[in-house]
Structure formats: C-alpha cells, structure tokens
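One-letter residues, chain by chain:
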Amino acid sequence: MFRAALRSLRQHKLRLVLTLLAVVVGVAFVAGTYIFTDSLKQSFDALFNAPQPDVTVSVDSGFGSSAGGGNSSSGGDQATTLPASTVQSVAGVPGVAAAFGVAAADGALVIGQDGKPIGRTGPPSRGTSWIPDQVISSLRVTSGAPPVGPGQVALLEATARAANVSVGDTVTIETPGGRITPEVVGLVTRGISGSDGGTLAVFDLPTAEKYLLGKPGVTSIAVRAQPGVSQQDLAKRIEKVVPPGSRVQTGAQRSADIADRLQTAFGFINTFLLTFAFIALFVAIFLIFNTFSMLVAQRTREIALLRAVGASRGQIRRSVLAEAAVLGLIAAVLGVLGGIMVSFGLRQLLKMFGADLPAAPLVIQPRTIVVSLVIGVLVTVISAYLPSRRAARVPPVAAMRDEVGLPARDLRVRTLIGIALLALSALAAYLGLHTLDNGTNASRLIGFSALSALIAVIALSPILGKFVVGVLGFPFRRTAVGRLAIENGRRNPRRTAATASALAIGLALMSAIGVIAASTKASVAAVVDDTIGADYLVIGAKFQPFRPEVYNAVKDTPGASAVAYVRQVPISVKDKTSVLSGVQPDLFPLVVNLQMQEGSAALGLGEVIVDDRTATDLGLRVGKPIQATLVNGSTTLVVRGIYKGAGPTIGYFTSIDTLSSVGARELDSAVYVRVAKDSSPDAVKASLTSELAPYPAVVLQDQASLKDQINASFDQVFGFIYALLALAVIVAFLGIVNTLALSVFERRREVGLLRAVGTSRSQIRRMVVLEAVLISIFGAVLGICLGVAYGALLQKVLEPQGITQLAIPFGQIGWFVVLAVVGGLVAALWPAFTASRLDVLKAIASE
Amino acid sequence: MNNAAHAIALSKVYGSGDTRVTALDSVDVEIEAGQFTAIMGPSGSGKSTLMHCLAGLDSLTSGQVWIGDTELSQLTDKALTKLRRDSVGFVFQAFNLVPTLSALENITLPIDIAGRKPDQQWVDLVIDTVGLRDRLTHRPSELSGGQQQRVACARALASRPTIVFADEPTGNLDSRSGAEVLGFLRRSVDEFGQTIVMVTHDPNAASYADRVVFLADGRIVDEMHKPTAAAVLERMKAFESARG
C-alpha cells in the first residue's frame, strides 16, 4: 500500500507542490523563529566574551540603565554625571589596575557634505570619550590613531563612510556644546556588535566633557581589575568609595543587562512570527484538505478496485495518510531550509532598521529540526484525515460503476454549528464592548469573538457560497458560459468554501490591519489638529535636544504671533518614569492646547500639571505635593492642575524657571511657531527656513509634515505586517490554482462534452476564469466583511490607548477586491489553459 | 439524392512502427440527407472512429470529409468547433448532459453557446415530441437514464443541425427506454426530415434505420437497405464466422 501511495505522489508533483507551499511557509516561520532566537542567544556569549570594563561605575539616575546604546527619545538624554574626583577615588581602590572616566552622550551629529546630518532619523547619533586601554575598551582603532585634544576625532568606520570622509579630512560635528570641525585622525569599530545603524564620534576625555556634556564630570567610570582580582570583590570595594546614587556593575552584570534588554526587545518578533506561522498553517489545513478530498474523489475507481481485491478499509485509510505524511515531510524539510532564509532575512531587515544585533553565526539546533518536521507532518496528516476516512468508505462495487459520486453530505449540522458560533461571537463582542473600561477583559472578549466569528464564517461558508456566488454571478447569467461558471462555483459548496476560506483568512487580517492603520493615522491627525496650535515646529533632526541659539534665531521671526520652546528632562514619580517638560507659562498655551480638567495651568515655581491618565494611575491630586526624582536628585513639586492627555502630549509640564532651578541643561526639545492671523504662512516659513539655515541639527516641520513623520513610522510597521500577510494571500491563490486544476481534471468529460457540442476553447477558458474570479471575490467579500468588522471593534478596544478615531480605508479595501479579481484571473490561467486543451475524444470516450 | 455528409478515401492510423494500427482503411461513404443511417460492426471495427472523423471530432490521417458543402480536413479548431455547434448534433452513450444545467438548459445549450435566440416553436415541438414537457426544470441527476437520453436527443435536434451523430445511444438503457429513444430518432427522420447517423452493435437498434453500413477491420464490407433485426443479426453472424 505504501508503494501505491508513493507512486500516486509522483504523478501529481506540481499540484502537490502548490498544495504544500502553505505548509512550507508555515514551517519556515516556525523554524526561522527558532533559528533566530537561538542565534540571538549564541550571540550573547559573544557579548560576554568581548572586551569590556571589569567594573563600570555610573550614576543611578532611577531611569534604568544609562549606559549602552539605548534609544534616545525626545524626552532628552540629559547626561547625568559623576564628579571627576570620583575617578581618582576609584583608581585608588586596592585591586584596581586602571580607572578611566568616560563622557558619553547622544546628540553628536556628524554633518555630511550636503550640510545635513548623516544617518536616518531613528538610530542614535552618539559621542563618547576614548578609553586608552585595549583590554577593556570595546572600541578598536582600525586605521589612524586615537583622538587627542580638541581638534581631533575618531569616527566609526560606517559613520566615516556615510559622511564620505577618511583619515586626515576634517568633519563638521554638531554637539550639545556647539559646532566643532575637528580632523578625523582614526577609524574605529565596535568589538561586540557589528552595526547598530547609528553614528559614533570618539573624542578624548576633555573634549568629550566640554562638547558632549557641557560641564566637567564623567558619565561613567571604566575599571580594569588587577590580575587575580574577581569582578564581584572589586565591585564591592569600589561601592564603598563612590558617592551615593552611583551604580557599580561588574562586566558580567552589564552583559546580562544588555542580553536582557535585547531579549525583551526581540521578544515581540518571536510572537509575531509564530502568529504568522500559525496563520500560514491554518490556511494550509484548508488547502491540503481540499487537495486530498479531490485526489480521493479522482481515485474512487482505483480505491474501489483495491477494496475489491481485498484491501481493508484501514489499509486504504493508512495509504492516504502515508501519502500525506510523506508530503508533509517533504514540505517540512523545505520549510526548515526556508527557515534559515527567514532568520537570515530577519537579521538583515533588523540591521536595516538599525537594530543593535551582535554578530554571530546562525544556530540550527536539533530541536529546531525535530519540531519543524513534526509540525509539518502533523499538519498535513491531520488535514488529510477526513479525506482518508472518505476514501475508506468507498464501496468495492464502485469499481464496476461508470459514474461514481460519493454522496454529498448534509450541510445542516455544519450550518447549525456556524449559527451557534456566530451567536456566541456576537455575545462576546457585545460583552467586550460593554466592559471597555477593563482593557484586558475587553480585548480578550473581542479576540474570542473574532476567533469564533472566523470559525462560524468558515462553517457557514458553503451555504453562503451558494448564495453569494449566485448573486455575484447574476450579471453573467445571460450567457451560457456565465451560467456554467456560476453553477460550477455552486455545485460543490464545500470545496468552493474551503478554497474561498483560505483567501478570506488572509484578507480578513489585512482588512483588520488596514482599518487599524487608517484609524491610527486618523487619530494622530486628530490629536495634532486638536492640540498643536502652532503652525510650525522646530525639532532636532534626530529628535535630539538642541542649543537655545535656535530659539533665539527664530523668536523674533516677522509674522509669528507666538514662538515658544520646550525643554524636557526625564522625571520619575512613584517609580514611574515619564517626561517633565519645561515651558514658558505665558507663551506655551498659545502654541499647544492643553484641555484642563482640574486646577489651573498658571504654573509657578515648583508647580506642575499632569495628564489625567498619569494622575489616575499614580493617585495624584491637585494641590498635593509629589516627590519627584530628576536628573540631579529628588525634588518636591506641587500639582497645580490636571489636563487631558492626548497622543504625544502627555506627562508633566512645569515652568522653565522650575526646570532651571533643578539644574537641567540648557537644551531645547522643540520650538513652536504660531503664525499671526494677518500674516502669510508661506512668508513665515521662508523666514524660518533662512533663519534656521545655519543650524543643520534641527528641522522645520509644519503640521502636515509632522503628521507624515509620525505616520511614516506606523507605515513601516504596518508595511511589514502587510508583507507577511500578503504571503498568506499568495498561498491562498495558489490554493485556487490547485483546486481549479483538480476540478478541471474531475470534470474533463463534461468539458469534452461541451467542446463536442460546439463550445469554443476561449469559451471554456472564460468559464474556468469566471469560476475562479467568483470564488476569489467570494473569499474577498467574506474576509473583508470579517476584517472590517473586527478592525472596527479593535479600534473601540484601543480607544483608551489613543486610537480615538475610526477610519475605514475604503480605497484600500477597493484595492483588495481588485486584487482578488486579478488574483483569481491569474490563478485560473493555467487550469483554464489545460481545460481548453483537453482532448475532446479522450474526454468523452466511455471508459 | 444529395448528401448530408460524405467521405473519400478516409484513412485513420494510430501510432507508428510496431504499434501502428489502421483504424480506418481508405473508406468511401455517403450519408444521404433525410435518412437514418446505422453504422454497424464488431468491437474494434473502426465504427466509432468513422463517426468521430465524420463529425469533425477527430483528425484524419488522409482523405477528405465533407459535412454539407464544407470540407473538414483543412478547418482550424475554431472553425470545426463552430461547425459542430451549428451543423452537427450529438447523442453519446453516456455522460450526455451537463450536470449543473436543467433539462431545458441542456437542450438549448448549443444555441446558448452560440449566443443565439432559440427558435421557440421548433424547440417546443422537439420537447413535445420527446415528451419532456413536465421535466424541463429538473437537473440530470433527477432524471432516469431514458429521460436523460431523450434530453440529449432533444439537444441534438434543437439547433436544426445538418446531421445528428448518435454513438451507441441505447448502450446504457433498458430495452423499453432504448425503444423510446430509437422511436424518437425514427420519428425525427420521418416527421422533420432530420439526417441521423447512429453507431451501434445492436441489430435491434439497427433495424430502426433506413440503411445499415457494415464495417470490419476499418473497411466498409457491406450495406443493407430497409433492414430488419433478424437480417442484420444474420449478416453479423456471417462476418463473425468469416473472421474465424
């Protein structure tokens, strides 16, 4: 029996490849996820073994790790410093071989030859001081020499390449301490990680202190231990001499910290990929089920013959399952190979996005291969189980009959289950919408509702298919070809339903994402419109803070009715980190609309206002003092009012005077410009542009470009999701190709008859194509309805998260339908061609 | 008398070399218009091949075939399809109907495919003649074998073809249904002047024809006018014994 199974596999190679593609894709994403994760773990070892200080002392500012390549944010990377004298104290600790002060900060923008900062907006532009010790420095000089003195800089190789400078050239760097034009004396690489997409400029310590920190002091101290002294012991001894509030970390702890951060950062990728693998495998189940059902139907005679000569039902069933298992195995092996490509591609992709991934070879563990193979085989065998049972039910007498049709089973049970699930789904959605205050519960209920609605729609799809295909086909009813195509689409509701469902799943997800994406953008636009009263906004080219000269340059712009700046520092209240924005109390309300809910926005010294959400979360009340941790220690502030938070406008606001009184650096995060009523915005823009020309570290934005910029980051994420889902849709279309090809084979006598009574080849082709298009539109309609409904529900759930506007992207959904039509057309090409080329005589010859 | 179809030196060879089989060996045949012609012969005599070649379903190795005034061997697939649609009617042994269409839709299928309006009076006449008036909305699966074959006959006649080819039309039917179908074919010749060519190996079926052409080993070996079942059976037996 097994040999028979293998032989039948070989006969339908191409078609089976099409069927299995879904399994291959699913397994590839499972394997890819494993390989990616394992490789990441492996690269952590590299992290631990790389050169690094044995002990690092930094300021414990209460804002998590201040060292390393964390993300810079508009919250402002306020360098928190240790006095230089601490370096001396640490150097004096017994067991310390050497101690070096390090001054590092974001916001060292290397200016390219076009006068603009190099690199993309996302990754940080860091500056640091050189550690003149090859044992503990993570930087290596690859050409030239380390920088010495204010006139010298060393650049990361990639940075120098991007800026198109080499050793000996001078380069312009915008720093928090002003613009400098040092000579490039050396190129460096990072020891542990290949590239994080960011730029790096390396100075000697005094230069770094002056320009990066703007004040004397160091951001951390790198310590090398004497041989034989353990990191832990040394750390304990150092802890005794450093000022309170300092953090002392061993090299091992630091590595573990970085590894932790990376794992958290990449955890979502795992979830995401596994979700996608699940979708692909789910789609695969439909396609495999369809293919095997049809293969069994085609082979009815052959099976009956085997039964007639004595094969038992069990043997028939097992032979079909064996066929499925072999197929699953082939698909899984291809899937593992695909997984290697997936993880490799993922790594490249992350690199492109500037993710800091330590370089390491791909790790393929035996576990990865075993799990992938098991999943591939299991999914295929499970999908083929029902068809195998049908095969086992073929009576031996079927071998003798001319026309064998397995009795069509009743759809009633299936329909009842579908209706019950639909009711359940509606109930869950109703409950979900009425427990919106409880976010977790609501999203669980809506998720459950979505899942049961999906299964309900799949259960109901045969009944729906008969109806919908009939309605969709109505305009084509006039022609004989149209009638034939419509009836072909309706004759086997289960098959049509399974084919359409595969497409529906992919399009449902795409539509839901489409609704969420559109709603997110609409919400962003609404927030910008509502809150930002300014017409123009000046921000750092890399979201980095910039010097007050910028504000001074634009504050008297003719035609501007109000020009205000914002200065931001991190703040921590009750262990919750947020942003404290210092504003000019008289000017700020003119450029940003804060809706006060309680108290007043008239900010005095030591007073703050806070957004409603934070106030609720932390139990803050108007008039009550709060204990806040700021860059330079703890301060008591008084809550003066509570405003309604909206989009990016959240956190604490205070007056500039308060901010200065706690020792915040004089660096601005943004400058808002409002155009006077009787002035021309274009004229103001022109003045601003010329005034800002000497400051390449900042960019001028209007409301539209601000929206665009926020949207662009969403577009990247949504684009990635679309790309993955598109893969599921393509697999579904391959399923249509497969189903049609098998249908044509099954109906070859009918096609032969049609040809004999005068149907032309092109009419046969049109018939097959129309059937395919009807099926795919049906799938698209199912998927889009489901997707839009749940996208809208999801928007309701996400409303507290700031997605306040519901937007349905009708244009995009229109494109989905077009895509379905074109996809159906393309999917039908090959089956239609095969059908039109059928040999009439062979088709009608009675066997 | 004029011909509805005729063939000159019609040969059909399958395969080559050792597997070469001559199905038809330089056959000359004329099908007279308005007559019911039966082609008879034992299995493998080439009778089905002859019908397929005459009907434009199969290509010729050599020779020429005409339907009416049209010579078939030079026609493209498109032209042949059009010819089959407009000038030829078919009744096959099995699988004669499209399962997704109703009886009426099956009957008017060739006309619908051509995108023409059926001649309603004629279609009604045909339907009444085959006695299917009350079954028109039924799907083939809801009809008996005899009813299905009568639908097939009605379809073959509905477009008023030059010639109708019937390939063992009673092969799958019980004798009563078979007699009904043959009776209908006979009436369509007598009452409508239809030309019919029927391939059969049943002497009883052949007795409904005006003329029987006997085929053996790819050649026409005899013919008989006004046949009776007994005479046809006798003639067949004679061939069988001659072949040894």
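Residues numbered from 1 in each chain as written. Chains lettered and ligands numbered in written order. Predicted model: local features only at pLDDT ≥ 70, side-chain atom pairs only at ≥ 80, totals over all residues. Heavy atoms only, no water.

A. Region of the structure containing the overall build of chain B. If you tally the helices and strands in chain B, you get 9 helices and 10 strands. In terms of C-alpha radius of gyration, chain B reaches 18 Å, essentially the compact-globule figure of 18 Å for 244 residues. Its C-alpha atoms give chain B principal-axis dimensions of about 50 × 40 × 35 Å. Scored against the burial criterion, the 244 residues of chain B give a buried share of 55%. Across chain B, every contact between residues at least 6 apart in sequence was considered, and the portion connecting residues at least 24 apart equals 68%. Between the mean site of the 24 positive side-chain charges and the mean site of the 30 negative ones, chain B shows a separation of 3 Å. (Helix = DSSP H or I, 4+ residues; strand = E, 2+ residues; numbered from the N terminus. Rg over C-alpha atoms; globule rule 2.2 N^0.38 Å. Buried < 20%, exposed > 50% of the residue type's maximum accessible area, 1.4 Å probe, protein only. Contact = heavy atoms within 4.5 Å. Lys, Arg positive; Asp, Glu negative; His and termini not counted. Charge placed at Lys NZ, Arg CZ, Asp CG, Glu CD.)

B. Broad picture of the nonpolar core. Counting residues in hydrophobic clusters, the biggest one holds 154 residues, and the most contacted among them are Leu50, Ile163 and Phe165 of chain B. Excluding residues within four positions of it along the chain, Leu50 of chain B makes contact with Leu10, Leu24, Val27, Val29, Ile39 and Leu215 of chain B. (Core = buried A, V, L, I, M, F, W, Y, C linked by side-chain atoms within 4.5 Å.)

C. Examining the environment of Gln812 of chain A more closely. All names here are of chain A. With respect to the helices and strands, the residue Gln812 is situated in helix 23 (residues 810–836). Among the residues examined, Gln812 registers a relative accessible area of 26% and is labelled partly exposed. Gln812 sits 790 residues away from Ala22 along the chain, and the two C-alpha atoms are 25 Å apart. Not counting chain neighbours up to four residues away, the residues in contact with Gln812 comprise Gly514 and Tyr722.

D. Structural view of the packing of aromatic side chains. On inspection of all chains with the given rule, the structure shows 11 aromatic pairs over all chains. Measuring from centroid to centroid gives 5.4 Å for Phe90 of chain B and Phe92 of chain B, while their planes differ by 10°, and the two rings are stacked. With respect to burial, Phe90 of chain B and Phe92 of chain B carry one shared label: buried. Put simply, the rings of Phe588, Tyr643, Phe653 and Tyr672 of chain A pair up and form one aromatic cluster. Directly above the ring of Trp122 of chain B sits Arg160 of chain B, whose terminal nitrogen or CZ lies 4.1 Å from the centroid. (Phe/Tyr/Trp six-rings, centres within 6.5 Å; stacked < 30°, edge-to-face > 60°. Lys NZ or Arg CZ within 6 Å of the ring centre and 35° of its normal.)

E. Quick look at the confidence of the model for chain B. Mean pLDDT for chain B: 88, with 99% of residues reaching 70 or above. If you check the scores for this complex, the pTM reads 0.76 and the ipTM reads 0.86. (pLDDT = per-residue confidence, 0-100.)

F. Focus on the pairing of strand 11 (residues 199–203) of chain A. Residues and elements named next belong to chain A. Buried residues dominate strand 11, accounting for 5 of its 5 residues. The alternating pattern of strand 11 places Thr199, Ala201 and Phe203 on one face and Leu200 and Val202 on the opposite face, and all of these are buried. In terms of strand pairing, strand 5 (residues 125–129) meets strand 11 through 5 bridges, oriented parallel. When the sheet's bridge partners are listed, Ser129 is paired in strand 11 with Phe203. Pairing geometry for strand 7 (residues 152–156) and strand 11, over 2 bridges, is antiparallel. Looking across to strand 11, one finds that Ala154 is bridged to Val202. (Pairing = 2+ DSSP bridges.)

G. Focus on the interface of chain B and chain A. Each partner contributes residues to the interface: chain B has 25 residues there, and chain A has 24 residues. Summed over both partners, the interface of chain B with chain A comes to about 2200 Å²; 65% of that surface belongs to carbon and sulfur atoms. When residues of chain B are sorted by the area they lose upon contact with chain A, Phe95, Thr100 and Ile113 of chain B head the list and together hold 28% of the total. Along the contact surface separating chain B from chain A lie 5 salt bridges. Our count for the contact surface shared by chain B and chain A stands at 6 residue pairs in polar contact (both at pLDDT 80 or more). For the side of chain B that touches chain A, the elements supplying multiple residues, two or more each, are helix 2 (77–87) and helix 4 (109–114) of chain B. (Buried area = accessible area lost by both parts, 1.4 Å probe. Salt bridge = Lys/Arg side-chain N within 4 Å of Asp/Glu carboxyl O. Polar contact = N/O pair within 3.5 Å; in protein donor to acceptor, adjacent residues only side chain to side chain.)

H. Molecular detail of the packing of helix 13 (residues 480–491) of chain A against helix 22 (residues 761–798) of chain A. Residue and element names in this part refer to chain A. Running from amino to carboxyl end, helix 13 crosses helix 22 at an angle of 45°, the nearest separation of the two axes being 8 Å. Relative to helix 22, helix 13 is oriented oblique. Crossing handedness for the pair helix 13 and helix 22: right-handed. Note on element contacts: helix 22 touches helix 13 through Gln763, Arg766, Met767, Leu770, Glu771 and Leu774, opposite Val481, Gly482, Leu484, Ala485, Ile486, Asn488 and Gly489. Residues of the contact of helix 13 with helix 22, tallied by class, amount to 7 nonpolar, 4 polar and 2 charged. (Axes fitted to C-alpha atoms, helices over the stretch in contact; angles between N-to-C directions. Parallel < 35°, antiparallel > 145°, perpendicular 65-115°, else oblique. Left-handed = near helix turned anticlockwise from the far one by under 90°. Nonpolar A, V, L, I, M, F, W, Y, C, P; charged D, E, K, R; others polar.)

I. Examining the packing of helix 7 (residues 251–298) of chain A against helix 10 (residues 366–392) of chain A more closely. All names here are of chain A. Across the interface, helix 7 lies against helix 10 with an axial gap of 8 Å and an inter-helix angle of 35°. Relative to helix 10, helix 7 is oriented so that their crossing is right-handed. Only Ile375, Val379, Thr380, Ser383, Ala384, Leu386, Pro387 and Ala391 of helix 10 make contact with helix 7, whose side of the interface consists of Leu281, Ile285, Ile288, Phe289, Phe292, Ser293 and Val296.

J. Seen up close, a nonpolar patch on the surface. Taken together, the side chains of Trp815, Val818, Val822, Leu825, Val826 and Leu829 of chain A present a nonpolar region at the surface, about 590 Å² in accessible area. Classification of Val822 of chain A by relative accessible area gives partly exposed; the value is 44%. (Patch = residues over 30% accessible without salt bridge, like charges linked within 9 Å, V, L, I, M, F, W, Y side chains within 5 Å. Areas by Shrake-Rupley, 256 points an atom, 1.4 Å probe, with all protein chains shown as cover.)

K. Structural view of helix 19 (residues 681–692) of chain A. Residue and element names in this part refer to chain A. When the terminal C-alpha atoms of helix 19 are compared, their 16 Å separation across 12 residues agrees well with the 16 Å that a helix rising 1.5 Å per residue should span. Taken as a whole, helix 19 has its buried residues at Val684, Ser687, Leu688 and Leu692. Angular distribution of buried residues about the axis of helix 19 spans 125°; they occupy a single face of the element. Among the structural elements, strand 14 (536–540), helix 15 (549–554), strand 15 (560–573), strand 22 (670–675) and strand 23 (698–702) are those in contact with the buried residues of helix 19. (Expected span 1.5 Å × (residues − 1). Arc of directions from axis to C-beta.)

L. Seen up close, the pattern of salt bridges. Applying the stated criterion across every chain yields a total of 34 salt bridges over all chains. In this structure, Arg179 of chain A engages Glu174 of chain A in a salt bridge whose closest nitrogen and oxygen atoms are separated by 2.7 Å. Residues joined by salt bridges that share partners form a network here, namely Lys82, Arg85, Asp86 and Arg116 of chain B.

M. Layout of a positive patch on the surface. Residues Arg765, Arg766 and Arg837 of chain A together with Lys78 of chain B make up a contiguous surface patch of positive charge. As for its position among the elements, Arg765 of chain A is in helix 22. Arg765 of chain A sits in the partly exposed class, given a relative accessible area of 31%.

N. Expanded view of the sheet that holds strand 12 (residues 220–225) of chain A. All names here are of chain A. One open sheet accounts for 4 strands, arranged 2-12-1-13; its pairing is antiparallel. A single partner strand is all that each edge strand has here, and the edge strands are strand 2 (96–102) and strand 13 (246–250). With strand direction ignored, the average angle separating the axes of adjacent strands in the sheet is 20°. Across 4 bridges, the pairing between strand 1 (residues 55–59) and strand 12 is antiparallel. Along strand 12, the bridge assignment pairs Ser58 with Ser220.

O. Quick look at the side chain of Asn711 of chain A. Its place among the elements puts Asn711 of chain A in helix 20 (residues 703–746). On the accessibility criterion, Asn711 of chain A (13% relative accessible area) is buried.

P. Structural view of the environment of Leu754 of chain A. As for its placement among the helices and strands, Leu754 of chain A is situated in helix 21 (residues 748–756). Distance in space between the C-alpha atoms of Leu754 of chain A and Ile764 of chain A is 8.2 Å, their sequence separation being 10 residues. Excluding anything up to four places from it in sequence, Leu754 of chain A contacts Leu484, Thr759, Ile764 and Met767 of chain A together with Val98, Leu109 and Ile113 of chain B.

Q. Main features of the pairing of strand 18 (residues 607–611) of chain A. Residue and element names in this part refer to chain A. Of all 5 residues making up strand 18, 5 are buried, and the element is well covered by its neighbours. Along strand 18, one buried face is formed by Glu607, Ile609 and Asp611 and the opposite face, lined by Val608 and Val610, is buried too. Strand direction decides the pairing type here: strand 18 and strand 20 (residues 633–643), joined by 5 bridges, are parallel. Each bridged residue has a counterpart across the sheet, and for Asp611 the counterpart in strand 20 is Tyr643. As defined by bridge partners, strand 18 adjoins strand 21 (residues 652–655) across 3 bridges and the pair is classed as antiparallel. Residue Val610 lies in a different strand from strand 21, and its bridge partner there is Tyr652.

R. Molecular detail of the confidence of the model for chain A. For chain A, per-residue confidence averages 83 on the pLDDT scale, and 90% of positions sit at 70 or higher. Confidence over residues 64–77 of chain A falls short of pLDDT 50; this stretch has 27 contacts with residues more than four positions distant or in other chains.

S. Spatial organisation of unusual backbone geometry. Here Lys574 of chain A, not a glycine, exhibits a phi torsion of approximately 50°, which is positive. Inspection of the secondary structure assignment puts Lys574 of chain A in the loop between strand 15 and strand 16 (576–583). With a phi angle near 45°, Lys226 of chain B is a residue other than glycine that sits in the positive phi range.

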